[in-house]
Amino acid sequence: MMGIIKGKPLCFVIDTTGSMADDIATVRLVTSSIINSKVGTDEEPSLYILVPFNDPDFGPLIKTTDPEVFKNAINSLSALDGGDFPEMSLSGLQLALTGAPSNSEIFLFTDAPAKDVHLRSTVIALIERTQTVVNFMITGTVFGRRRRSDNNQQQQLSRMGSSAAQLYRDLAQASGGQAIEVTKSELLEATNIITDSSSSSLVTLLQAARSPGKAENFTFTVDESVRNLTIYITGSSVDFTLISPAGVSQNSANMTGSLIITSQLVGNFRTLRLNTQVGLWEIKMVSTNPYTLKVVGESSIDFLFDFLEVSQGPFGGFGLLENRPRAGVNGSLSVTITGSDSAILTEVILVESSGAGKVNGSVEAQVGGDFLVQFDRIPSVEFVVLIKGQNSNASSRASTVSFQRQSSTSIRASSVTVTAADSDSILVPGIPLSVPFSVVTSGAGGNFSIQATNDQGFMSTFPSSLSLETGRSANGTVNLTAPSNTSSGTDVTLTIEANAPGGNDTNYVVLRFTVLRTVTDFTLPVCKLLSKQSNCSANCSVSMWELSVQVTDGPEGTGVDRISLRQGNGTMNTSLAADNENVTLVSYSASCCSPDVELLVVDRVGNVGSCFYTVRTTADNSTQPANITTTTSSPLPTAVPVVSLSTRTVQSFLLCLSTTVLGLGLSSEMGIN
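Residues numbered from 1 in each chain as written. Predicted model: local features only at pLDDT ≥ 70, side-chain atom pairs only at ≥ 80, totals over all residues. Heavy atoms only, no water.

Student: I'm lost on the packing of aromatic side chains in this one. Help?
Tutor: Across all of its chains, the model carries eleven aromatic pairs by this definition. A ring pair is formed by F136 and Y168, whose centres lie 4.9 Å apart and whose planes are at 20°; its orientation type is stacked. In this pair, F136 sits in strand β5 (residues 133-139) while Y168 sits in helix α5 (residues 151-175), placing the two residues 32 residues apart along the sequence. For the residue pair F136 and Y168, the accessibility class agrees, reading buried in each case. Centre to centre, the rings of F307 and F383 are 6.2 Å apart; their planes meet at 80°, and the pair counts as edge-to-face. Residue F307 is located in strand β16 (residues 302-310), and its partner F383 is located in strand β23 (residues 383-392); the two are separated by 76 residues in the primary sequence. Three or more aromatic residues joined by ring pairs form one cluster here, namely F12, Y48, F70, F107 and F109. (Phe/Tyr/Trp six-rings, centres within 6.5 Å; stacked < 30°, edge-to-face > 60°. Helix = DSSP H or I, 4+ residues; strand = E, 2+ residues; numbered from the N terminus. Buried < 20%, exposed > 50% of the residue type's maximum accessible area, 1.4 Å probe, protein only.)

Following this line, the structure appears as C-alpha cells:
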C-alpha cells in the first residue's frame with residue numbers, strides 16, 4: 001500500500017518463435033540462479049511477471065509472488081514457428097508495462113523486428129508514466145533469421161533489421177535501459193546485468209547517450225553509502241579514460257589498473273566493476289559511433305519525483321501532472337528523498353539526455369520532508385532529472401556527505417495537452433463505454449492525429465484526427481468495448497495520444513478501467529434436506545449420524561461457487577447432480593459427539609447463505625427437526641475498482657488514521673465516548 005516492497009519485481013517479456021529455443025533455455029538458467037540465490041533474503045523479488053509473444057499472439061500476462069509458479073511458467077515455454085518474420089514484441093511489452101508496478105525493470109528477449117511498430121509512442125508513454133526501465137536482449141542479428149531468401153529479400157530484411165535495432169535502442173534509451181546486441185552463444189554471459197539489476201537498492205548516479213558519438217567528459221559523485229560501483233557502456237569502438245577522486249587514471253587500452261576490478265565485453269555491451277572510492281569521478285568518452293553510458297551502484301539513498309500542475313480545485317495548491325509537462329514554460333517538481341531521514345536536497349537540474357543543456361531549479365523544503373522545486377523553463381528536448389544533496393553521516397569524518405542521483409527514465413515536454421473527462425472506471429462486458437477527452441495546443445494548430453490503444457486488445461472506436469487552433473481545445477470520444485465473455489476483475493489500460501502535424505510533438509493520457517459484470521443475482525443459495533439418519537446413543541463416541549442435502553442457487557441464480565463448514569467436526573463431500581449441473585449434492589457424516597452442523601454456501605456473485613442441522617434429542621432440551629436457517633450478508637461484488645493514489649497521499653491518509661486511532665485510544669482510557 002505504501003509502495004514499500006521487499007525486493008524488485010522480476011519481469012521477462014520473451015519471444016517464443018522457433019529460433020528462440022536457445023534464448024529460452026538461457027532464461028531458464030538465469031531465472032533459477034536468481035531465485036535460488038535470493039529467495040528467503042531481503043533481495044528476494046517481490047513479484048514475478050512473464051509475458052510471452054510471437055506472431056500473431058502475445059500474452060497472457062502471468063503475475064505471481066510464488067517463485068515456483070514463475071519457474072514452472074518459464075519451463076513450460078516452448079519455441080514454435082511464428083507467422084511473418086516480425087513479431088508482436090511491442091504488444092507484449094505494452095502488456096508488461098501495464099501489469100508491472102511502477103519503477104520496475106523489464107527484460108525483453110528477441111531476435112526479430114517489431115511487427116507492431118505503431119505502438120512505439122504508446123510504449124514510450126507507458127514508460128514515462130510508470131518510470132520503468134526496459135532492457136532489450138537482442139540475439140543474432142535481428143535481421144535475417146529463420147528463412148532462406150533471395151537477394152532482394154535479404155536487402156529488405158537488412159533494412160528492416162537496421163530499423164528494428166534502432167527502434168529497440170530508442171526505447172531502451174527513453175527508459176534508461178540497455179539495448180544489448182549479442183550472438184546466441186554470448187547471451188548467457190550478457191545476462192549478468194539481470195542479476196545486477198535485481199538488487200532492490202540499485203541507484204543511478206549518471207546516464208547519458210550520444211548519437212552520433214562524440215568526445216565528451218562526464219563527472220559523477222560517489223558517496224559513502226554507495227557500494228558495487230558499476231559502469232555500463234553500449235556501442236562499438238568506444239574508448240574511455242577513467243579518473244578517480246585521487247587523480248589516478250586508467251583507460252580502455254589497459255584493463256589491469258587499480259581502478260577497474262573486473263571488465264567484461266560481450267557483443268556491444270561492456271561492464272566495468274570499479275574499486276569504489278568516495279568523491280568526484282570523471283570519465284572521458286571518445287567515439288564517433290553512437291554510445292550510451294550508465295553509472296550505477298547500490299545504496300539506500302534514492303529519490304522519487306512527480307511533475308506538478310496548479311490545481312483547479314477550490315483549495316488551490318498543486319496536483320500531480322498525469323502526462324508530459326508543458327515545454328518552454330515554467331514548471332514545478334515534487335521530490336522525495338528515500339532511505340535517509342537526514343538527507344537535504346541542495347540542487348535539482350533538468351539535464352538534456354543527448355546534449356549538454358541544463359536548467360537549474362530553485363529548491364524549497366516542505367513540511368513532511370518533501371521538496372518543491374520550481375523551474376523558470378522546462379526544456380523542449382528530452383531530459384532527465386539530476387539531484388544533488390547532503391546527508392549526515394555519523395561514521396564519516398565530515399559532518400555531511402555529498403551525494404548525487406539521476407532519474408533513469410527520460411522525460412519529454414510537449415506543447416500539446418490531453419485530458420480525459422471524469423468517466424465511470426467500470427467496464428461492463430459487451431456494453432461500449434464512452435470516454436470523452438479534449439486536446440489543446442500552445443503551439444501551431446492544424447490536424448492532430450489521434451490514436452487510442454489498450455493492452456487487452458479490446459475493440460475501440462475514436463476519431464482519427466482533430467482540428468485544432470492555437471490555444472483552443474477540440475473534443476473527441478473513445479468508445480471502448482470489452483467482449484461479452486470477459487471475466488470480471490480484468491484490468492484494462494487505455495492510452496489516448498494526440499500527435500501534432502509532422503509527428504514531432506505528442507502527448508497522452510493513460511486511463512485504467514476494471515471489467516465488472518452487472519450483478520443481477522440477489523437471491524441467496526438454498527438448502528433442501530434429502531435424508532438424515534442417526535443411531536446416537538448415550539455413548540456418543542461409538543455412534544454416528546449422517547445427512548444428505550441438495551444445494552441450489554435458484555432458477556435465476558448464477559450458481560453455487562463454494563460450500564464450506566462453519567460448524568461441525570465431521571466429513572463433508574460435494575458433487576454435482578448427474579441430471580442438473582446447477583444442483584450440488586452434499587453428504588455429511590459425523591460422530592454423535594458433534595451433533596450440530598452448519599453449511600456456509602456462497603454463490604458466484606458473493607451472496608451468502610447458511611444451513612443449520614442438528615440431531616440433538618429432547619432429553620438435552622434441544623430437540624428440533626432437521627431444519628434450515630438462512631442468514632444473509634450483503635451481496636459481494638466479484639471485483640473492486642482500483643483507486644490509484646500517490647505514495648504521499650497514502651502516507652497522509654495513514655498518518656491521519658493512526659492519529660485518529662491514537663486519539664480514540666486515549667479517549668477510551670479517559671472514559672470519553
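Student: How do you make sense of the packing of helix α3 (residues 89-99) against helix α4 (residues 120-130) when you look at a structure like this?
Tutor: In a pair of packed helices, the angle between the axes and the distance between the axes together describe the arrangement. Interhelical geometry of α3 versus α4 gives an angle of 20° and a closest axis separation of 10 Å. It follows from the interaxial angle that α3 and α4 lie roughly parallel. Judged by the sense of rotation from one axis to the other, the crossing of α3 with α4 is left-handed. Where α3 approaches α4, its residues L90, L93, Q94, L97 and T98 are matched on the opposing element by R120, T122, V123, L126, I127 and T130. Classifying every residue of the contact of α3 with α4 gives six nonpolar, four polar and one charged. (Axes fitted to C-alpha atoms, helices over the stretch in contact; angles between N-to-C directions. Parallel < 35°, antiparallel > 145°, perpendicular 65-115°, else oblique. Left-handed = near helix turned anticlockwise from the far one by under 90°. Contact = heavy atoms within 4.5 Å. Nonpolar A, V, L, I, M, F, W, Y, C, P; charged D, E, K, R; others polar.)

Student: Sorry if this is basic, but what is going on with the nonpolar core here?
Tutor: Note on soluble globular proteins: their nonpolar side chains tend to be buried together. Counting 31 residues, the largest nonpolar core has L93, L97, I106 and F136 as its most contacted members. Counting residues per element, the ones that place at least two in this core are β1 (10-15), β2 (48-53), α3, β4 (105-110), α4, β5, α5 and β33 (506-515). Apart from residues lying up to four places away in sequence, L93 is in contact with V13, I106, L108, V123, V134 and F136. Counting residues in each nonpolar core, the second largest holds 28 residues, with M20, I35, L77 and A190 among its members. (Core = buried A, V, L, I, M, F, W, Y, C linked by side-chain atoms within 4.5 Å.)

Student: Could you clarify how one ought to interpret α3 in this entry?
Tutor: Turn by turn, an α-helix covers 3.6 residues, leaving residues three or four places apart pointing in a common direction. Burial of α3 is extensive: eleven of the eleven residues sit out of reach of the surface. Within α3, the full set of buried residues consists of S89, L90, S91, G92, L93, Q94, L95, A96, L97, T98 and G99.

Student: Is there a simple way to explain the state of the cysteines in this structure?
Tutor: Put plainly, a disulfide is one covalent bond tying together the sulfur atoms of two cysteines. Scanning all chains against the criterion turns up three disulfides. There is a disulfide in this structure between C536 and C592, and the S-S distance comes to 1.9 Å. For the disulfide bridge between C536 and C592, the dihedral angle about the S-S bond is near -80°, and by the sign convention the bridge is left-handed. Remark: C592 occurs in the loop between β38 (580-591) and β39 (596-603) and C536 occurs in the loop between β34 (526-534) and β35 (544-552); sequence separation between them is 56 residues. What pairs with C540 in a disulfide is C593, and their sulfur atoms sit 2.0 Å apart. On the sign convention where negative means left-handed, the S-S torsion of about 90° between C540 and C593 marks this disulfide as right-handed. One end of the pair, C540, is in the loop between β34 and β35; the other, C593, is in the loop between β38 and β39, with 53 residues separating them in the sequence. Listing the disulfide partners of the protein by sequence rank of the bonded cysteines yields 1-6, 2-4, 3-5. (Disulfide = S-S within 2.5 Å.)

Student: I would appreciate a short explanation of the environment of P245 in the present structure.
Tutor: Mapped onto the fold, P245 is located in the loop between β10 (239-243) and β11 (249-251). Its relative accessible area of 33% is what places P245 among the partly exposed residues. Separated by 24 residues in sequence, P245 and T221 place their C-alpha atoms 9.0 Å apart.

Student: I keep staring at the sheet that holds β39 and nothing clicks. Help me out?
Tutor: Strand pairs in the sheet, formed through backbone hydrogen bonds, run parallel or antiparallel to each other. Read across the open sheet, the three strands follow the order β36-β39-β40; overall the sheet is antiparallel. Looking along the sheet, the strands with just one partner apiece sit at the ends: β36 (560-567) and β40 (608-614). On average, each strand axis in the sheet is inclined to that of its neighbour by 20°, with strand direction left out of account. (Pairing = 2+ DSSP bridges.)

Student: Hey, could you run me through the pattern of salt bridges in this one?
Tutor: Oppositely charged side chains are able to pair whenever their charged atoms sit close together. Taken as a whole and assessed by the stated rule, the structure comprises 19 salt bridges. A salt bridge links E105 to K8; the shortest N-O distance between them is 3.0 Å. Here K8 lies in the segment before β1 and E105 lies in strand β4, a separation of 97 residues in the sequence. Judged by relative accessible area, E105 falls into the buried class, the value being 7%. As a salt-bridge pair, E382 and R412 come within 2.8 Å of each other at their nearest N and O atoms. Linking E382 in the loop between β22 (371-375) and β23 with R412 in the loop between β24 (400-406) and β25 (416-420), this pair joins segments that are 30 residues apart in sequence. One salt-bridge network, held together by shared partners, links E128, R324, E382 and R412. (Salt bridge = Lys/Arg side-chain N within 4 Å of Asp/Glu carboxyl O.)

Student: It is not clear to me how the packing of helix α1 (residues 21-38) against helix α2 (residues 67-75) should be interpreted in this structure. Could you clarify?
Tutor: Across the interface, α1 lies against α2 with an axial gap of 10 Å and an inter-helix angle of 170°. Regarding the angle of α1 to α2, the classification is roughly antiparallel. Facing V27, R28, T31, S32, I35 and N36 of α1, the residues of α2 in contact are P67, F70, K71, I74 and N75. Of the residues belonging to the contact of α1 with α2, the class tally is five nonpolar, four polar and two charged.

Student: Would you explain the sheet that holds strand β28 (residues 446-454) in this entry?
Tutor: Taken in spatial order, the five strands of this open sheet run β26-β33-β32-β28-β30, and their pairing is mixed. Strand pairing shows two members of the sheet lacking a second neighbour, β26 (426-427) and β30 (465-468), which therefore form its edges. For β28 and strand β32 (residues 491-499), the ladder comprises six bridges, and the chain directions are antiparallel. Residue pairing for β32: Q451 is matched across the bridge by E497.

Student: What exactly am I supposed to notice about the pairing of strand β27 (residues 433-441) here?
Tutor: As a general feature of sheets, a regular strand has side chains that alternate between the two faces. Pairing analysis gives five bridges linking β25 to β27, with the strands arranged antiparallel. What sits directly across from V418, in β27, is V439. Of the strand pairs in this sheet, β27 and strand β31 (residues 473-481) are connected by eight bridges, and their pairing is antiparallel. Paired with V439 across the bridge in β31 is A474.

Student: For this particular structure, what's the right way to read the environment of Q550?
Tutor: Relative to the helices and strands, Q550 is located in strand β35. Using a relative accessible area of 24% as the deciding quantity, one classes Q550 as partly exposed. With 27 residues separating them along the chain, Q550 and A577 place their C-alpha atoms 8.9 Å apart. When residues no more than four places from it in sequence are discounted, the contact partners of Q550 are V526, C527, K528, L530, V583, T584 and L585.

Student: How do you make sense of the side chain of S175 when you look at a structure like this?
Tutor: Here S175 lies in helix α5. The class of S175 is buried, set by a relative accessible area of 0%. A polar contact is formed between the side chain of S175 and the backbone nitrogen of V134, at a distance of 2.9 Å. There is a polar contact of 3.3 Å between the side chain of S175 and the backbone nitrogen of G177. (Polar contact = N/O pair within 3.5 Å; in protein donor to acceptor, adjacent residues only side chain to side chain.)

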